[in-house]
Structures are given as C-alpha cells and as structure tokens.
Amino acid sequence: MLTLIIVLAVVVVVAVASTTTFVVTRHRRRELDAGGTAEAPPAPPPGSSAPPTTDAQPGAPPGDIDTLTPPDSAPPEAATPEAATPEAATPDAAPAEAVPGIESTPAEAEVLERPRLRDRLGKARNLFAGYLGSVRSREKVDETTWEELEEALILADVGVELTTSILDGLRTRHKKESLNTPDALVGALREDLVAHLQGDRQLHRRPEGTNVWLFVGVNGVGKTTTIGKVALAESTVGTSVVLAAGDTFRAAAAEQLALWGQRVGAEVIRGNEGGDPGAVVFDAVQHAAARNTDLVLADTAGRLHTKVNLMEELRKVRRVASRPPGVVSEVLLVIDATTGQNGLVQAKKFTEAVEVTGVVLTKLDGTAKGGIALAIQAELGIPVKLVGVGEGAGDLIGFDPEEFVGALLGDS
C-alpha cells in the first residue's frame, strides 16, 4: 500500500512538471508571434556544451534556428526601407542645383588661360588655306589668282561690296609696287585686311558715376553667357561687379545669370518674370551706387530686330540706365558669327536703336564665316571688341586684328 502511494505521488509530480513546461513554452511562443524578442541564452561556461534551444518552430530539427522569426514577418533590413534611400544614407547632402550649359565651378579654381586664335579658327583657316595654297602654287599673278581671292573672301562672308573694295586696292598696289609674285600679293592682302580692322578695341569705364555696360542682341546668340564670362574676367582683375537680369521675358536667363553671379561672387538684381526690364536695370544701378560697386553688367531681352515696339523698349532701357548716377559707357552687341551677313543686318538695326559702341562675336570657332568681322567694321564703323572661340570660361578674349588676320590666313 505504501509502495502504491509513493508511485502515485511520483506520477503526479511528473505530470505537474510536464504541464508547467508546456505552458511556459507555449506562452513564450505566443510572445514571439506577437512581435516579442527572445532573450538570448547566457553563454555556457568554458568547457561545457551549449544547452539545446527550446525556441525551434514545430517540425524543425532541433538546433536549426537560433532566433525565431515569424514566417510572415520581413527581415530587419526590409523592415526599414528608409535606410536604403540616398537621402537617409546621406542626410547632410544638399540637393544639387544646375542649369544646362553652366558648370558651377568656383571662380578661384579656374585658370583663364588665353587661347590662340590660330588654334580655334580651324574652319575659317581651312577655307582660306585651300585658296591661298592654290594662289601660292602659281608662278605668277594672273586673272585666275584674282578670281580665287574673290571667291575666298565672299565665302568667308566679307561681303561683295567690301570684297570688291579690297581687291581693287590690291590691283592698284600690284601695279604700283610690282607685286608680281603670289607670296607678295598674299602679304599685301594681309596688310590691307589688318588696316580695315583698325579701331578702338578698349572696353571703357568713365571716372564719374556708376558705369553700366549694356548687352544687346537677339535670342540664341550667347548673350547671357557672354555677360557671365565678362563678369568672371573683370572680377579676376579686381573689378567689383553687379549683374542686372534685365531679360525678364525668359526665366532661364535670370537663373543662368544667377549661377554666374554665384560663380564670380557678384550680386544679381532680378525682377519678376515678365516685369519691366528698365526697372530691373534702374534698381541694379542704384544698388551698385549705394555700395560703390565699379561696374553694372546689364542683360536685356533677346529683341527681334524686326519688332519695332521691342526696339523702342530697348531705347527706354538705355535711357533709364543713363539716369544719374548711372553712366552707360559701353553698349555691346552680341552677334553669332555663324549667321554671317544676317549678323550685319542685326548690327544696323541695333545701332540705330541704342548707339552700339562695340561688337562681341560669339561662336567664331564654329564657322568659316569669320569675314563678318571685316564687314561690320567697314560698313558700320563699329569695332569688334571681344570674340568667343569656345565654350570655356576663358574662351572669350579681346579681339586683336593682326592675330585674327594671321590666323585666318594661316601664317601665325
């Protein structure tokens, strides 16, 4: 009887222990299924074996899973997708701002090395090289020589009238000075072309008032970029500059000028889109005068020279810029050299409207029509002061007649 009682007591104790273990295990599994985290078991003491885990999923072999992960939950990396985005990965990175065609490089990091015209006037030089090579290969100067020179000058957009004048002068010298060899004739041509390009090439500033340089021209000639390059060149030599975003009809122009302002450390005065260009230029002059700034570079809208009302508005801008303390010391007409004789028509119209003091020829490296510089100088008496021979910041350079003619004829 006593033995039976002892056996029953042992059975009861074992049953209670088994029931407790089952309840605790099921309770822990419920916590994990609800998103809880199993606490890692303490490390076994040295020399002992690790105890088997009790957190295995039903049906899984013992010891296969060290940490229980509910089947429907995502792994930790996928549970936080924000961490994989560039913004979360680099929270301190500022959004980049860029405008097409403008590289936002600090001015102090740039070296404005002056390019050689001979290296940049490839197309124009190649045109003349073919004709002059044929002329120089002849034993004497004959009628074919004159025809080849005439064709070369006309194709270079020197213009029929100026070409005739140049060749008439050469014929006279040929007779008087006995220019009987082709090399002597080409040498005389070089001298005549340089003579036709003589003029005032300086960019002027007056001692009194706040100097303003107005930039005018039709859309697409590179006017706003030219202003930025001039600002960079002037700031490099210590001139303080304010930029006036007077092209209020093209939002991209103001943005482009703003980037140039950041690049050269110059303030930019701009107005509302579609606003009064004259008001913007006036505010820029007042702003510059209050801060003793040396120079205001003013952009203007890309006026179509055939639109009378727009040309009238340009005259108004010119008058407003001249109000004290403003002094308009330069009006620079920007012309795309690739347009050839059409550029001459533009020059005539703009000169009538705003008294152009100088011409900036852009894209001279991309055309064989470099003779337009001769046509503008001869027909209008307006000197070419700057030429653009590339897209780099230092590729807007002062115009040198001797260097230009030498590069054109391929002898420098």
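Details of the structure are given in the entry above.
Bear in mind that the values here come from a model prediction, so they are computed numbers and not experimental data.

## Remarks on the overall build of the chain
Here is step 1 of the chain: Secondary structure summary: the chain contains 15 helices and 8 strands in total.
Here is step 2 of the chain: Contacts in the chain between residues at least 24 apart in sequence constitute 76% of all its contacts with a sequence separation of at least 6.
Here is step 3 of the chain: Taken as a whole, the chain presents about 21,900 Å² of accessible surface, with 54% of it coming from carbon and sulfur.

## Considerations on the environment of Glu234
Here is step 1 of the chain: Among the structural elements, Glu234 can be located in helix α9 (residues 223–236).
Here is step 2 of the chain: For Glu234, a relative accessible area of 14% puts it in the buried group.
Here is step 3 of the chain: Setting aside chain neighbours within four positions, we find Glu234 in contact with Arg205, Trp213, Thr239, Val241 and Leu295.

## So, the packing of helix α6 (residues 143–155) against helix α7 (residues 160–176)
The geometry of a pair of packed helices is captured by two quantities: the angle between their axes and the separation between those axes.
Here is step 1 of the chain: Contact pair α6 / α7: the axes reach a minimum separation of 10 Å and the direction vectors enclose 150 degrees. With respect to the hand of their crossing, α6 and α7 are arranged in right-handed fashion. In this structure, α6 uses Glu143, Trp146, Leu149, Glu150, Leu153 and Ile154 to contact α7, whose residues at the interface are Val160, Thr163, Ile166, Leu167, Leu170, Arg171 and His174.
Here is step 2 of the chain: Grouping the constituent residues of the contact of α6 with α7 by class yields 8 nonpolar, 2 polar and 3 charged.

## Details of the pairing of strand β2 (residues 241–245)
Here is step 1 of the chain: Summarising burial for β2: 5 of the 5 residues are buried, a large majority.
Here is step 2 of the chain: Side chains Val241, Leu243 and Ala245 project from β2 onto one buried face, and the interleaved Val242 and Ala244 project onto a second face that is buried too.
Here is step 3 of the chain: In this sheet, strand β3 (residues 267–270) lies alongside β2 in parallel orientation, the contact comprising 4 bridges. Across the sheet, residue Ala245 finds its bridge partner in β3, namely Arg270.
Here is step 4 of the chain: Regarding the hand of the β-α-β motif, the stretch spanning β2, helix α10 (residues 251–264) and β3 is right-handed.

## Here's the deal with the nonpolar core
Here is step 1 of the chain: Counting residues in hydrophobic clusters, the biggest one holds 97 residues, and the most contacted among them are Phe128, Leu297, Leu361, Val387 and Phe404.
Here is step 2 of the chain: Apart from residues no more than four positions distant in its own chain, Leu297 is found in contact with Trp213, Phe215, Ile227, Val230, Ala231, Val241, Val242, Leu243 and Ala244.

## Observations concerning the packing of α7 against helix α8 (residues 182–196)
Here is step 1 of the chain: In contact at an axis separation of 10 Å, α7 and α8 are set at 130 degrees when each is read in the N-to-C sense. In this view, α7 runs oblique relative to α8, as classed from their interaxial angle. Viewed along their axes, α7 and α8 form a crossing whose handedness is right-handed. Facing α7, whose interface residues are Leu162, Ile166, Leu170 and Arg173, α8 presents Leu185, Ala188, Leu189, Glu191, Asp192, Leu193 and His196.
Here is step 2 of the chain: Partitioned by chemical class, the residues of the contact of α7 with α8 number 7 nonpolar, 1 polar and 3 charged.

## A short note on helix α14 (residues 372–380)
Three- or four-residue spacings in an α-helix give side chains the same orientation, since the helix completes a turn every 3.6 residues.
Here is step 1 of the chain: Those residues of α14 that sit buried are Ile372, Ala373, Leu374, Ala375, Ile376 and Gln377.
Here is step 2 of the chain: Looking one or two residues past α14, Gly381 carries a phi angle of roughly 70 degrees, positive in sign.

## What about the pattern of salt bridges?
Side chains that differ in charge, positive against negative, can pair when their charged atoms come close.
Here is step 1 of the chain: Inspection of every chain in the model, using the stated rule, returns 17 salt bridges.
Here is step 2 of the chain: Linking Arg173 and Asp192 is a salt bridge whose minimum nitrogen-to-oxygen distance equals 3.1 Å. Of this pair, Arg173 sits in helix α7 while Asp192 is found in helix α8, placing the two residues 19 residues apart along the sequence.
Here is step 3 of the chain: Glu255 is the partner of Arg270 in a salt bridge, and the nearest nitrogen-oxygen pair spans 3.0 Å. Note that Arg270 is positioned in strand β3 and Glu255 in helix α10, a separation of 15 residues in sequence.

## Points about the packing of aromatic side chains
Here is step 1 of the chain: Within the structure shown, the criterion is met by 1 aromatic pair.
Here is step 2 of the chain: Each ring, one from Phe399 and one from Phe404, has its centre 5.0 Å from the other, and the planes form 55 degrees; the classification is tilted. Each member of the pair Phe399 and Phe404 is classed as buried.

## Section: the side chain of His174
Here is step 1 of the chain: One can find His174 in helix α7.
Here is step 2 of the chain: Excluding residues within four positions of it along the chain, His174 makes contact with Val141, Trp146, Leu179 and Asn180.

## Considerations on the side chain of Gln377
Here is step 1 of the chain: Examined against the element boundaries, Gln377 turns out to sit in helix α14.
Here is step 2 of the chain: In terms of polar contacts, Gln377 uses its side chain to reach the side chain of Arg201, at 3.3 Å.
Here is step 3 of the chain: Setting aside residues up to four positions removed in sequence, Gln377 forms contacts with His196, Leu197, Gln198, Gly199, Arg201, Ile382, Pro383 and Val384.

## A short note on unusual backbone geometry
Here is step 1 of the chain: Looking along the chain, the bond that leaves Pro324 and enters Pro325 is cis, with omega of 10 degrees.
Here is step 2 of the chain: Take Pro325: it is sitting in the loop between α12 (308–321) and β5 (326–336).
Here is step 3 of the chain: One non-glycine residue, Glu355, lies in the positive phi region at around 55 degrees.
Here is step 4 of the chain: Since its relative accessible area comes to 55%, Glu355 is described here as exposed.
Here is step 5 of the chain: Although it is not a glycine, Lys363 sits at a positive phi angle of roughly 60 degrees.

## Focus on the environment of Thr357
Here is step 1 of the chain: Looking at the element boundaries, Thr357 is found in the loop between α13 (341–354) and β6 (358–362).
Here is step 2 of the chain: Taking the C-alpha atoms as reference, Thr357 lies 5.8 Å from Glu330; in sequence the two are 27 residues apart.
Here is step 3 of the chain: Polar contacts involving the side chain of Thr357 include one to the side chain of Glu330, which spans 2.5 Å.

## Section: helix α5 (residues 122–136)
Here is step 1 of the chain: When the terminal C-alpha atoms of α5 are compared, their 20 Å separation across 15 residues agrees well with the 21 Å that a helix rising 1.5 Å per residue should span.
Here is step 2 of the chain: Within α5, burial applies to Gly122, Ala124, Arg125, Leu127, Phe128, Tyr131, Leu132 and Val135.
Here is step 3 of the chain: Buried residues along α5 sit against α4 (117–120), α6, α8 and α15 (401–409).

Each value, and the rule that gives it
- Residues numbered from 1 in each chain as written.
- Predicted model: local features only at pLDDT ≥ 70, side-chain atom pairs only at ≥ 80, totals over all residues.
- Heavy atoms only, no water.
- Helix = DSSP H or I, 4+ residues; strand = E, 2+ residues; numbered from the N terminus.
- Contact = heavy atoms within 4.5 Å.
- Areas by Shrake-Rupley, 256 points an atom, 1.4 Å probe, with all protein chains shown as cover.
- Buried < 20%, exposed > 50% of the residue type's maximum accessible area, 1.4 Å probe, protein only.
- Axes fitted to C-alpha atoms, helices over the stretch in contact; angles between N-to-C directions.
- Left-handed = near helix turned anticlockwise from the far one by under 90°.
- Nonpolar A, V, L, I, M, F, W, Y, C, P; charged D, E, K, R; others polar.
- Pairing = 2+ DSSP bridges.
- Right-handed = clockwise from strand over helix to strand, strands pointing away.
- Core = buried A, V, L, I, M, F, W, Y, C linked by side-chain atoms within 4.5 Å.
- Parallel < 35°, antiparallel > 145°, perpendicular 65-115°, else oblique.
- Salt bridge = Lys/Arg side-chain N within 4 Å of Asp/Glu carboxyl O.
- Phe/Tyr/Trp six-rings, centres within 6.5 Å; stacked < 30°, edge-to-face > 60°.
- Polar contact = N/O pair within 3.5 Å; in protein donor to acceptor, adjacent residues only side chain to side chain.
- Expected span 1.5 Å × (residues − 1).

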